[in-house]
Amino acid sequence: MTSLKGKIITVVGSGLIGRSWAMVFLSGGYKVKIYDNEPGQASGAITEIRKQIEELQRAKMLRGNLTAAQQLSLLSSHDDLQQALEGAFFVQECVFEDLEAKHSVFHEVENLVTESVILSSSTSCLMPSNVFSRVQNRTRCIISHPVNPPYYVRLVELVPHPETLPAVMDVAYSLMTDVGQAPVRLSKEIDGFALNRVQYAIIAESWRLVQDGVISVKDIDLVMSEGLGMRYAFIGPIETMHLNAPEGKLPINPCSF
């Protein structure tokens, strides 16, 4: 696949997630144009990003191979959407979780970019088929759901629209890998994606145990922070079962975990 390094990414929305995505893309050496429809918001985001990137460099926590100054030289702010989209190969939408707001963004963006530009949403809960329902060419649409804060928590869920081309998934996966994220591919859309479905299952059982008087709130949190969380920070549940099973076969008895 042709290298994407140095190409332009447009971030639409300059809130927390938009600023975080901008920092992630900058760390990978990409040129980032950040846009917001509220005058002055994008330039204000630049000020906040500069502050954070310089602080990270002083703390020796800056991601990537470029210095803070080099990364910041790749960043620009725009109040004009057409100008912000000029030259971009990838658009990352980061507006608030409102379906109509996202419809409006993608309607405007689609009318200003060529067919080859990938349209990506940061939504954490809206289905791709709903987010992109008013986009004419849905083959280039994808959800790239980050985990907050994206700069420190590297997982990205890539969720396709039913019409998304495999090549679009491949480009998104390559981009996220290139900037140091940890992308996972979902083969189809599903409510809650993967991370939230696992998270909700844990939360639901935790509440059930507390409500049934089995364990206190403090202690169920310790079950995760000093038990499962310590383990799952290194290996996932399927790998855990595999390593605990004779000859790699999944166990039936949960006590063998």
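Residues numbered from 1 in each chain as written. Predicted model: local features only at pLDDT ≥ 70, side-chain atom pairs only at ≥ 80, totals over all residues. Heavy atoms only, no water.

The protein has the name L-gulonate 3-dehydrogenase in an unreviewed UniProt entry, where Cyprinus carpio is given as its organism. The Sequence similarities (unreviewed entry) field of the UniProt record for the protein holds the comment "Belongs to the 3-hydroxyacyl-CoA dehydrogenase family." Check the Subcellular location (unreviewed entry) section of the UniProt entry for the protein; it says "Cytoplasm". (UniProt positions renumbered as here; feature names shortened; annotations may be inferred.)

One open sheet holds the eight strands; their spatial order is E3-E2-E1-E4-E5-E6-E7-E8, and the pairing between them is mixed. If you trace the sheet from one side to the other, it starts and ends with strand E3 (75-78) and strand E8 (182-185), each paired once. When strand polarity is set aside, the average angle formed by the axes of neighbouring strands in this sheet is 25°. Summarising the sheet, strand E5 (residues 118-121) and strand E6 (residues 141-146) pair through three bridges and their orientation is parallel. (Pairing = 2+ DSSP bridges. Helix = DSSP H or I, 4+ residues; strand = E, 2+ residues; numbered from the N terminus. Axes fitted to C-alpha atoms, helices over the stretch in contact; angles between N-to-C directions.)

Before going further, it helps to examine the packing of aromatic side chains. For the coordinates displayed, the defined rule picks out six aromatic pairs. On the basis of an interplanar angle of 70° and a centroid distance of 6.5 Å, the ring pair of Phe25 and Phe90 is categorised as edge-to-face. Placement of Phe25 in helix H1 (residues 16-27) and of Phe90 in strand E4 (residues 88-93) is noted, with a sequence separation of 65 residues between them. Owing to a relative accessible area of 0%, Phe90 belongs among the buried residues under this scheme. With a centroid separation of 6.0 Å and an interplanar angle of 50°, the aromatic rings of Phe89 and Phe90 are classed as tilted. Just above the ring of Phe89 sits the side chain of Lys7; from NZ or CZ to the centre is 5.8 Å. The ring of Tyr173 has Arg185 lying over it, and the distance from NZ or CZ to the ring centre is 4.2 Å. (Phe/Tyr/Trp six-rings, centres within 6.5 Å; stacked < 30°, edge-to-face > 60°. Buried < 20%, exposed > 50% of the residue type's maximum accessible area, 1.4 Å probe, protein only. Lys NZ or Arg CZ within 6 Å of the ring centre and 35° of its normal.)

Another aspect to go through is the environment of His161. Along the chain, His161 falls in the loop between strand E7 (155-160) and helix H7 (166-178). Expressed as a C-alpha distance, the spacing of His161 and Thr240, which sit 79 residues apart in the sequence, is 31 Å.

This next bit is on the nonpolar core. Phe25, Ile49 and Leu175 are the most contacted members of the largest nonpolar core, which has 38 residues in total. If you list the elements that add at least two residues to this core, you get strand E1 (8-12), H1, strand E2 (31-35), helix H2 (41-58), helix H3 (68-72), E4, E7 and H7. Dropping the residues within four chain positions of it, Ile49 is found in contact with Arg19, Ala22, Met23, Leu26, Ile34, Leu72 and Leu75. (Core = buried A, V, L, I, M, F, W, Y, C linked by side-chain atoms within 4.5 Å. Contact = heavy atoms within 4.5 Å.)

A separate point is the pairing of E5. Burial of E5 is two-sided: the residues Ile118 and Ser120 facing one way and the residues Leu119 and Ser121 facing the other way are all buried. Bridge count for E4 against E5 is four bridges, and the pairing is parallel. Its bridge partner being in E5, Glu93 is matched across the sheet by Ser121. Regarding topology, helix H5 (residues 99-110) serves as the crossover connection from E4 to the parallel E5, and that connection is right-handed. (Right-handed = clockwise from strand over helix to strand, strands pointing away.)

What follows deals with the UniProt feature "domain: 3-hydroxyacyl-CoA dehydrogenase C-terminal" (unreviewed entry) in the protein. In this structure's numbering, the residues bearing the UniProt feature "domain: 3-hydroxyacyl-CoA dehydrogenase C-terminal" (unreviewed entry) are residues 192-245. Counted over residues 192-245, helix gives 76% and strand 0%. Its end C-alpha atoms are 30 Å apart.

Here we take up the pattern of salt bridges. Applying the stated rule across the entire model yields six salt bridges. When the shortest N-O distance is used, the salt bridge between Arg208 and Glu205 registers 2.3 Å. Placement of both Arg208 and Glu205 in helix H8 (residues 195-211) is noted, with a separation of three residues, approximately one turn of the helix. Overlapping salt bridges, with partners in common, bring together Glu93, Glu97 and Lys102 in one network. (Salt bridge = Lys/Arg side-chain N within 4 Å of Asp/Glu carboxyl O.)

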